[in-house]
Amino acid sequence: MLAHHGRDWLAQGRTHLVQRSLKAVPPAAWNPALYALAGDASRASSRYPEALARYARASPLDQALGEARVALDTVQPALAWTPLETAARLIEQGGQAGLRRMQAENLLNAGQLTDALA
């Protein structure tokens, strides 16, 4: 239930609720989806090293997206290229629009305005 609703709670700004809820789950019960959620909650709290450690235990797609988001949040375009390329290989058709927005943001961060607009 937490893995299912947690991302919606984060989108609503309920980061502390997600973090408190995650603390209530025994570590042995954590799965890749909970690690991805924990990474998102840490990233939302600007705890980037902790977020990266959580993403490292998520699914390969969530790990790539998480690493890319951290690089975007911290405006480090060189660190975003590889995870964005990995995500592009792994993501399903329905997630392409969000990935394209992340790629455009990274191009913008890299100073490539024309390519970002394209």
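All residue numbers here refer to positions counted from 1 along the written sequence of the relevant chain. In keeping with the model being predicted, local features are shown solely for residues with a pLDDT of at least 70 and side-chain atom pairs are shown and tallied solely at 80 or more, while totals for entire chains, interfaces and linings include all residues. Side-chain numbers come from the whole structure's heavy atoms, not from hydrogens or water.

Participant: Mind showing me how you'd approach helix 5 (residues 60–73) here?
Facilitator: Because an α-helix completes one turn every 3.6 residues, residues spaced three or four positions apart along the sequence face the same direction. Helix length check: helix 5, at 14 residues, gives a terminal C-alpha distance of 20 Å against a target of 20 Å (1.5 Å per residue), a fit within 8%. Remark: exposure states derive from per-residue accessible area (1.4 Å probe, protein chains only) relative to the maximum for the residue type, with buried under 20%, exposed over 50%, and partly exposed in between. Helix numbers and strand numbers start at the N terminus; a helix is a DSSP run of H or I with at least 4 residues, a strand a run of E with at least 2. Taken together, the buried positions of helix 5 are Asp62, Ala64, Leu65, Gly66, Ala68, Val70, Ala71 and Leu72. Contacts are residue-level and defined by heavy atoms, with any inter-residue pair within 4.5 Å sufficient. Looking at the buried positions of helix 5, the neighbouring elements they touch are helix 1 (2–11), helix 3 (32–44), helix 4 (48–55), helix 6 (77–90) and helix 7 (96–109). One less than the residue count of a helix, multiplied by 1.5 Å, gives the span that helix is expected to have.

Participant: Looking at this structure, how should I read the confidence of the model for the protein?
Facilitator: Low-pLDDT stretches of the model should not have their predicted coordinates read in fine detail. Per-residue pLDDT for the protein has a mean of 95; in total, 100% of the residues score no lower than 70. Looking at the elements of the protein, mean pLDDT is at its lowest for helix 1, recorded as 92, and at its highest for helix 4, recorded as 98. Confidence scores here are pLDDT values: one per residue, from the predictor, ranging 0 to 100.

Participant: Just to check I follow, could you spell out the packing of helix 1 against helix 3 for this structure?
Facilitator: Pairs of packed helices are described in terms of their axes, by the angle between the two and the distance that separates them. Simply put, an axis is a line fit to the C-alpha atoms, just over the touching stretch for a helix, and the angle between two N-to-C directions goes from 0 to 180 degrees. At a minimum axis distance of 9 Å, the contact between helix 1 and helix 3 shows a crossing angle of 15°. Of the possible angle classes, the one that applies to helix 1 and helix 3 is roughly parallel. Classified by chirality, the crossing of helix 3 by helix 1 is left-handed. Across the interface between the two elements, Leu2, Ala3, Gly6, Arg7 and Leu10 of helix 1 pack against Ala33, Leu34, Ala36, Leu37, Asp40 and Ala41 of helix 3. Across the contact of helix 1 with helix 3, the residue classes break down as eight nonpolar, one polar and two charged. For this classification, under 35 degrees means roughly parallel, over 145 means roughly antiparallel, 65 to 115 means roughly perpendicular, and everything else is oblique. Crossings are sorted by hand: turned counterclockwise from the far helix by less than a right angle, the near helix makes the crossing left-handed, and turned clockwise it makes it right-handed. Throughout, the ten residues Ala, Val, Leu, Ile, Met, Phe, Trp, Tyr, Cys and Pro are labelled nonpolar, Asp, Glu, Lys and Arg are labelled charged, and all others, Gly among them, are labelled polar.

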